[in-house]
Each structure stands twice: as C-alpha cells, then as structure tokens.
Amino acid sequence: MRFFICISYKGAAYSGWQIQKNAPSIQQKLEEALSIVFSQSVSVTGCGRTDAGVNAIDYIAHFDLSSDVKESKRAVYKLNAILPCDISVSALYRVSDDAHARFDAVRRSYVYRIHTFKDPFCTESYFYKFPVNVETMNEAAKKLIGTQDFSCFEKVGSDNKTSVCTVYEARWREVDDTHFEFEITANRFLRNMVRAIVGTLLEVGRGHKTQEDIDEILKSGDRCKAGGSVPGNALFLNKIEYPYELMKI
C-alpha cells in the first residue's frame, strides 16, 4: 500500500534531501523514523531534490507499507517524537498504488527571502546589503514566464536529460521597506535554478544588469553570463501540486 507523507524541514544541518554516503540528509532521517514506527524497512521517494541548506514547507514524499495505517494521526505523533526538531510531519495518507511523489507533481513553487537592512532575527533570509528596485526586478522576472531552456541558470555538470522548463509565475513581493520575497512556480526546476535566478534578478534590481540582459542570458544558455547563486538558507520549497485524482483514497 502506498502513502504520501507531508513534511517540513529546516535544511541548515543537512546535505540536502537525497541520501549521501558521508553526510546527513532529510531522506535518511525520514526513512529511519518510518522504519522504527512501522517496524519494517521503509524506502522513501521525494517530490524532488533540495540542495544543502535549503528548506521546505509541505514537502511531499511517498513510501510503501505491507498493510494499511489505521490511525494516521497517531503515526504522525510517533514520527514527530522520533524525528529531530528541524524536521516535522504534518500529514500521512493513503494514495493509489501507482501514485508517484515526483513524477506526478504538476507544479512546484519556491519562495526566496531577502532583507536589505541588518536583522538578527532573519536567519532564514539573505542579507542583501544594497537597495533594490522591485519594479525593475518584476519586469525582468516576466521574461522567465513560459516554456524555454533554462540551462543558463543550471549548475554546471548536472545530468538531467533536458533543461527545458515551464515557468507559470515569477514575481517579487515587498513585505515591508526592507524585507522582500521572490515567488516562482514551474512544472519542474533544474539544480540550483532558483538561486541563480534570484542572484541575477538582484543584479537587475541593483542596476548592474538590465531587463534586456535577461533575454540575452536565456538565449546564451551560458551559466557564466547569469548572476551568482544566492545562499540556500533563504530558499523554501513551499508548495507541490498534484492532479485531483491522486489525492487521498
């Protein structure tokens, strides 16, 4: 029987989602906790990989069990008691046996947070010391919308079959005078893609790149022409969407 599990985590202490030989990962911690609670070996498949230090809200993964879970709330309680304080489970539910957390996801959304004035309480936000023009950054972000090759924002050496993605939304939101959030939604993301996009848009907002430069960067497919990658601690995978028919059964 297949189940979806919904988790949130702070990525600072981990090498990312995927299991690594010599470093702790979210997947490893979750599999260990599930195996203890259900008294069987459990392998977990996530909706996607997050890099070292990256956070997630309502991340979805799937796993199989030999029998049904009669008290899902009790299971969630036990899992949270076992998992470290920076990983939490919010839901666990049965899905069809062919449902796939990664391949069936139709949309994924990320949020990146920045602050432009020193704030000791913003540990999951990037302190960007320079003033930015949000209007200019949003005009540049519009050029990301649509289906196109995003290899210019992809980490060099990635082994994916294609660099073509469809971006549905990309915009900056002003929380207040010194705190800003970038929100982006796509069918899929490349490795390091969001962090590279944010770094590039910040250069536009600071005046070091123009809106027109975004067109040339996209056409070039050259990672060196885009801006630098911003730190992972301020990045959140915050929403995964699935077809209606894959929901709880």
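Residues numbered from 1 in each chain as written. Predicted model: local features only at pLDDT ≥ 70, side-chain atom pairs only at ≥ 80, totals over all residues. Heavy atoms only, no water.

As a further point, take the overall build of the protein chain. Counting its regular elements, the protein chain contains five helices and ten strands. Radius of gyration (C-alpha) of the protein chain: 19 Å, near the 18 Å computed for a compact globule of 249 residues. When its C-alpha atoms are laid out on the principal axes, the protein chain stretches across 60 × 40 × 35 Å. In the protein chain, which comprises 249 residues, the share counted as buried stands at 47%. (Helix = DSSP H or I, 4+ residues; strand = E, 2+ residues; numbered from the N terminus. Rg over C-alpha atoms; globule rule 2.2 N^0.38 Å. Buried < 20%, exposed > 50% of the residue type's maximum accessible area, 1.4 Å probe, protein only.)

Moving on, we come to the side chain of glutamate 31. With respect to the helices, strands and loops of the structure, glutamate 31 is situated in helix H1 (residues 26–38). There is no salt bridge for the buried glutamate 31, and the closest opposite charge comes from lysine 29, which lies 12 Å off by N-O distance. Filtering out sequence-adjacent residues up to four positions away, glutamate 31 remains in contact with Ile19, Val42, Ser43 and Val44. (Lys, Arg positive; Asp, Glu negative; His and termini not counted. Salt bridge = Lys/Arg side-chain N within 4 Å of Asp/Glu carboxyl O. Contact = heavy atoms within 4.5 Å.)

Should their charged atoms come close, side chains of opposite charge can pair. For the structure shown, the criterion picks out ten salt bridges. Between lysine 10 and glutamate 124 there is a salt bridge; the shortest N-O distance is 3.1 Å. In this pair, lysine 10 is assigned in the loop between strand E1 (2–9) and H1 and glutamate 124 in the loop between strand E5 (107–115) and strand E6 (126–127), connecting sequence segments 114 residues apart. A relative accessible area of 22% means that glutamate 124 is categorised as partly exposed.

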